Amino acid sequence: MARRIKLYFATDVHGSEKCFRKFLNAGPAYGADVMVLGGDLAGKAIQALDDLGGGRYRTTFRGQTYDVEGAEELQQVERLISDLGYYPYRCPPGELDARIADGSVEALLLDLMLRRLEQWMALADERLRPHGTPVFWMLGNDDPPELRAALDDAPWGKQAEGRVLEVDEYALVSWGYSNPTPWDSYREMSEDELRAHFDGLFAQLPDPHRAVFNAHVPPFDSGLDEAPMLDGDLTVQQSAGQVKLGAVGSTAVREAIERYQPLVSLHGHVHESAGFRRIGATMAVNPGSDYGTGSLNGALMTLSGDKLKAHQLVRG
């Protein structure tokens, strides 16, 4: 009888401390044999905590003003900010606005991103090494390329992008770049460029049907890629009072799935389109993302031989 491999997949944590800690706990809790964290690891914004002197700080976060005094209160507010994917930054009043004005805020944000990611990799080593649980990570389109070093140097787990890696009897094929988006994010490629990368990776496999295809962007027009449609000013479009949705996934990802028919394919990128969809013999999944509330969406998939024995979405 073929051995059963339980794979746990989550993605798009976008800097959320709470979601990353839940990810580390979820593998052992679900009895996963292997864990995969898809792209978009970093957060997107800094939250200034104005230093008022005498151990007092003030910040307005998500519409609520916090006046805190003392180390314990300050740490509680910083944890709240970090849990929801932002980077708390203690500074004199007005410093962050000045950095935005002079252009130095991007370097500060990158430093905060890198520092948190390095802390995450150390925590993963502490939590997962005792279980011996293999874990794989990669950047997404919203992650600056400079963050790659933190994954390459991780004491536990493997940076997966652009590599064909053994996962028991299966091969993990990973790529985190997206097709072009309206936001001109850090890591985007044309569909032709994506297609060339996918063909090069799958060419290394003796049996593509025993592959796990870990592509950050979902396949085009699959039901896993429906997002609000935007006009040229990035305004959400509506029809009859309802938000208009459209397919924003990658045609190159879809073509790769249709051509190579991996056993399963793992996707994220479009937070609103959680679900499973079958494309030929491949079961594709996008667990979605709700990182902004600190909730972690994931997927459990049980592989055995050339079969997908079970699959379900999980949330915690």
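Cut-off values and rules
- Residues numbered from 1 in each chain as written.
- Predicted model: local features only at pLDDT ≥ 70, side-chain atom pairs only at ≥ 80, totals over all residues.
- Heavy atoms only, no water.
- Core = buried A, V, L, I, M, F, W, Y, C linked by side-chain atoms within 4.5 Å.
- Buried < 20%, exposed > 50% of the residue type's maximum accessible area, 1.4 Å probe, protein only.
- Helix = DSSP H or I, 4+ residues; strand = E, 2+ residues; numbered from the N terminus.
- Contact = heavy atoms within 4.5 Å.
- Patch = residues over 30% accessible without salt bridge, like charges linked within 9 Å, V, L, I, M, F, W, Y side chains within 5 Å.
- Areas by Shrake-Rupley, 256 points an atom, 1.4 Å probe, with all protein chains shown as cover.
- Salt bridge = Lys/Arg side-chain N within 4 Å of Asp/Glu carboxyl O.
- Pairing = 2+ DSSP bridges.
- Axes fitted to C-alpha atoms, helices over the stretch in contact; angles between N-to-C directions.
- Phe/Tyr/Trp six-rings, centres within 6.5 Å; stacked < 30°, edge-to-face > 60°.
- Lys NZ or Arg CZ within 6 Å of the ring centre and 35° of its normal.

**Quick notes on the nonpolar core**
- Within the largest apolar cluster, 42 residues are counted, with the highest numbers of intra-cluster contacts made by Y8, F23 and W137.
- Mapped by element, the contributors of at least two residues to this core are β1 (4–10), α1 (17–30), β2 (34–37), β3 (46–53), β6 (87–91), α4 (105–128), β7 (135–137) and α5 (148–152).
- In terms of residue count, the dominant contributor to this core is α4 (11 residues).
- The residues touching F23, leaving out its near neighbours within four places in the chain, are Y8, A10, M35, V36, L37, V135, W137 and L296.
- Counting 22 residues, the second largest nonpolar core, distinct from the first, contains L165, L172, M283 and V285.

**Let's talk about a nonpolar patch on the surface**
- A cluster of nonpolar side chains, namely V236, V243 and L245, defines an oily patch on the protein surface of about 240 Å² accessible area.
- Structurally, V243 can be placed in strand β14 (residues 242–243).
- Assessed through its relative accessible area of 40%, V243 is described here as partly exposed.

**Describing the sheet that holds strand β20 (residues 307–315)**
- With respect to topology, 6 strands assemble into an open sheet ordered β8-β7-β2-β1-β19-β20, the strand pairing being mixed. Looking at which strands have only one partner, the edges of the open sheet turn out to be β8 (158–159) and β20.
- Across 7 bridges, β1 lies against strand β19 (residues 297–304) in antiparallel orientation. Each bridged residue has a counterpart across the sheet, and for R4 the counterpart in β19 is S304.

**Let's talk about the pairing of β3**
- The sheet contact formed by β3 and β6 spans 5 bridges and is parallel. Looking at the pairing, L49 lines up with R90 of β6.
- Direction of pairing for β3 relative to strand β4 (residues 56–61): antiparallel, over a ladder of 3 bridges. Within the sheet, the bridge partner assigned to G53 lies in β4 and is R56.
- Counted between consecutive antiparallel strands, the loop separating β3 from β4 contains 2 residues, among which G54 sits at a positive phi close to 65°.

**Focus: the sheet that holds β4**
- The strand order across the open sheet formed by 4 strands is β5-β4-β3-β6, and the pairing between neighbours is mixed. Each edge of the open sheet carries a strand with a single partner, namely β5 (64–69) and β6. Shown here is a sheet whose adjacent strand axes are inclined to one another by a mean of 25°, direction ignored.
- Two strands pair when backbone bridges link them, and β4 and β5 are joined in this way by 6 bridges, in the antiparallel orientation. Paired with R58 across the two strands is D67, which belongs to β5.

**With respect to the packing of aromatic side chains**
- Evaluated as defined, the whole model comprises 10 aromatic pairs.
- Plain terms: the ring middles of F198 and F213 are 5.2 Å apart, the flat faces sit at 85° to each other, and that makes the pair edge-to-face. With F198 in helix α6 (residues 191–202) and F213 in strand β11 (residues 211–215), this residue pair connects regions lying 15 residues apart in the sequence.
- The exposure class of F213 is buried, given its relative accessible area of 0%.
- Joined through ring pairs, the aromatic side chains of Y8, F20, F23, Y30, W120 and W137 make up one cluster.
- A cation over an aromatic ring shows up here: R90 above the ring of Y57, its NZ or CZ 6.0 Å from the ring centre.
- Positioned above the aromatic ring of Y177, the side-chain terminus of R187 is 4.0 Å from the ring centre.

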